[in-house]
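Per-entry structural report
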Amino acid sequence: MTATPASELDGAPRGRGSKFLSGGQALFSSSEQKDVARALDEGLDAIESGLRSELSYTHEIADAVSRYLFDAGGKRIRPLLTLLTAQWGEGVTDQVITAAQVIELTHLATLYHDDVMDEAVKRRGVTAAQKVWTNSIAILAGDLLFARAGSLGVGLGGDAMRRQTDTFERLVVGQMRETVGPKEGEDPIEHYLGVLADKTGSLIALAGEFGVTLSGAPVEYVPAIQGFGEHIGVAFQLVDDVIDLSADEEETGKKAGTDVRRGVATLPMLLLEKRAENHAGDKELLDTLRKGATGDLSEEEFSEAISSLRHHQVTKDTMEEARKVADKAIAHLAELPEGVVTDALECFAHQVVERTQ
């Protein structure tokens, strides 16, 4: 494999694969570990280069919109997991690279659709696509990306594409469940965690699974890596719920409490609703936040309420839940062989709950 020079990858994360998965620790120090680190970084460069080609269409507007969020950057967590789990098999083969690109294209497509449905203003520190163009154009861009993911994935074979379409179905059903909300009598918190498993966990699980199955690694590893990926996806989103409340707009690329302002369900708000049933002070804060979401508060009043939520016990409880879910992910690693791959996955799980953006 010939790695693409970093200077050619405009807007892409460069040489950060091993660093991100190790959490900055001295994990890749032995000769064997350095070989794995090099494979991850070179593989990521190849993925970036290939995606740039895949996001070239025959129409100027299609090129501009579909590449918009790709050019804005991103952590490329899913492709990295595909590259990492492939180390249990033949390593970073052409099929593994293609699979990682299919995963990332699918993820990018969901971002366009999610931002339209959530009426998001920013994504990855830039203005959301539908604000630059229109809702219709952003939705069509997501559709284009889904189509390109399907076209690219044909070469992976029927079994892989069946898993990709099954996961795509979970993504859509998860979005529907989030939009409709819990059924009567259903626990809102359990419903929310299920939505996160569908919308985020399923694709991360597939990323790890593809690395195993398309590198020729033992298929017995699949259930464990699926369990790891799904739990990590849920933990990742729970941490996002807390990061959303951060006052550092420059770091997060969003105004503090963006999800609360849009009325999007988050675990801190759901926990606050539960506490409000028995605590007058919590009910008062909940009512204030709801008023702010409907535009019935001044910006100063709403910001104060967001700050109160950020320092509230429910936000601490959300972080504790994220750690518990990450621990469940790590527990699945006991079913996998010890070594640099498993060590990196465990470090990654810890980093997911320690990140600030």
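Residues numbered from 1 in each chain as written. Predicted model: local features only at pLDDT ≥ 70, side-chain atom pairs only at ≥ 80, totals over all residues. Heavy atoms only, no water.

This part takes up the overall build of the protein. Along the protein, the regular secondary structure elements total 18 helices and 2 strands. Across the protein, the fraction of contacts at a sequence separation of at least 24, relative to all contacts at a separation of at least 6, is 73%. When the accessible surface of the protein is summed, it comes to about 15900 Å², and 49% of that surface belongs to carbon and sulfur atoms. (Helix = DSSP H or I, 4+ residues; strand = E, 2+ residues; numbered from the N terminus. Contact = heavy atoms within 4.5 Å. Areas by Shrake-Rupley, 256 points an atom, 1.4 Å probe, with all protein chains shown as cover.)

On to the nonpolar core. In this structure, Leu-83, Trp-88, Phe-228, Leu-238, Leu-289 and Leu-345 are the most contacted members of the largest nonpolar core, which totals 97 residues. Residues contacting Leu-238, with those up to four places away along its chain left out, are Tyr-192, Leu-193, Leu-196, Leu-267, Thr-318, Glu-321, Ala-322 and Val-325. (Core = buried A, V, L, I, M, F, W, Y, C linked by side-chain atoms within 4.5 Å. Buried < 20%, exposed > 50% of the residue type's maximum accessible area, 1.4 Å probe, protein only.)

This structure, assessed with the given rule, holds 2 aromatic pairs. Plain terms: the ring middles of Trp-88 and Tyr-221 are 5.3 Å apart, the flat faces sit at 70° to each other, and that makes the pair edge-to-face. Of the two residues, Trp-88 sits in the loop between helix H5 (77–85) and helix H6 (94–118) while Tyr-221 sits in the loop between helix H10 (188–213) and helix H11 (222–243), which places them 133 residues apart along the sequence. Given a relative accessible area of 17%, Tyr-221 falls into the buried group. Over the aromatic face of Phe-236 sits the side chain of Arg-355, whose NZ or CZ is 3.5 Å from the ring centroid. (Phe/Tyr/Trp six-rings, centres within 6.5 Å; stacked < 30°, edge-to-face > 60°. Lys NZ or Arg CZ within 6 Å of the ring centre and 35° of its normal.)

Over its 19 residues, helix H8 (residues 135–153) runs 27 Å from end to end, which matches the ideal 27 Å to within 8%, given 1.5 Å per residue. Those residues of H8 not exposed but buried are Ala-138, Ala-141, Gly-142, Leu-145, Phe-146, Ala-149, Leu-152 and Gly-153. The arc enclosing the buried residues of H8, seen along the axis, measures out at 135°, which places them on a common side. (Expected span 1.5 Å × (residues − 1). Arc of directions from axis to C-beta.)

When two helices pack together, you describe them by how their axes are tilted relative to each other and by the distance separating the axes. The geometry of helix H14 (residues 267–276) relative to helix H15 (residues 280–293) is characterised by a closest axis approach of 8 Å and an angle of 135° between their N-to-C directions. As summarised for this structure, H14 and H15 are arranged oblique, according to the angle between their axes. Handedness of the crossing formed by H14 with H15: left-handed. Here H14 contributes Met-269, Leu-272, Glu-273, Arg-275 and Ala-276 to the contact with H15, which in turn contributes Asp-282, Lys-283, Leu-285, Leu-286, Leu-289 and Arg-290. Classifying every residue of the contact of H14 with H15 gives 6 nonpolar, no polar and 5 charged. (Axes fitted to C-alpha atoms, helices over the stretch in contact; angles between N-to-C directions. Parallel < 35°, antiparallel > 145°, perpendicular 65-115°, else oblique. Left-handed = near helix turned anticlockwise from the far one by under 90°. Nonpolar A, V, L, I, M, F, W, Y, C, P; charged D, E, K, R; others polar.)

Once that is clear, we can look at the side chain of His-312. Among the secondary structure elements, His-312 is positioned in the loop between helix H16 (299–310) and helix H17 (313–332). Those residues in contact with His-312 that sit more than four places away from it in its chain are Leu-272, Arg-275, Asp-282 and Leu-285.

Think of an α-helix as turning once every 3.6 residues; residues three or four places apart then point the same way. A large share of H14 lies buried, amounting to 7 of its 10 residues. Among the residues making up H14, those that are buried are Leu-267, Pro-268, Met-269, Leu-270, Leu-271, Leu-272 and Ala-276. Contact partners of the buried residues in H14: H10, H11, helix H13 (258–261), H15, H16 and H17.

With that settled, the discussion passes to the packing of H11 against H17. Between H11 and H17, the shortest axis-to-axis distance is 8 Å and the interhelical angle comes to 165°. Classified by the angle between their axes, H11 and H17 sit roughly antiparallel to one another. For the crossing formed where H11 meets H17, the hand is left-handed. Here Ala-224, Gly-227, Phe-228, His-231, Ile-232, Val-234, Ala-235, Leu-238, Val-239, Asp-241 and Val-242 of H11 lie close against H17, whose contacting residues are Thr-315, Thr-318, Met-319, Glu-321, Ala-322, Val-325, Ala-326, Lys-328, Ala-329, Ile-330 and His-332.

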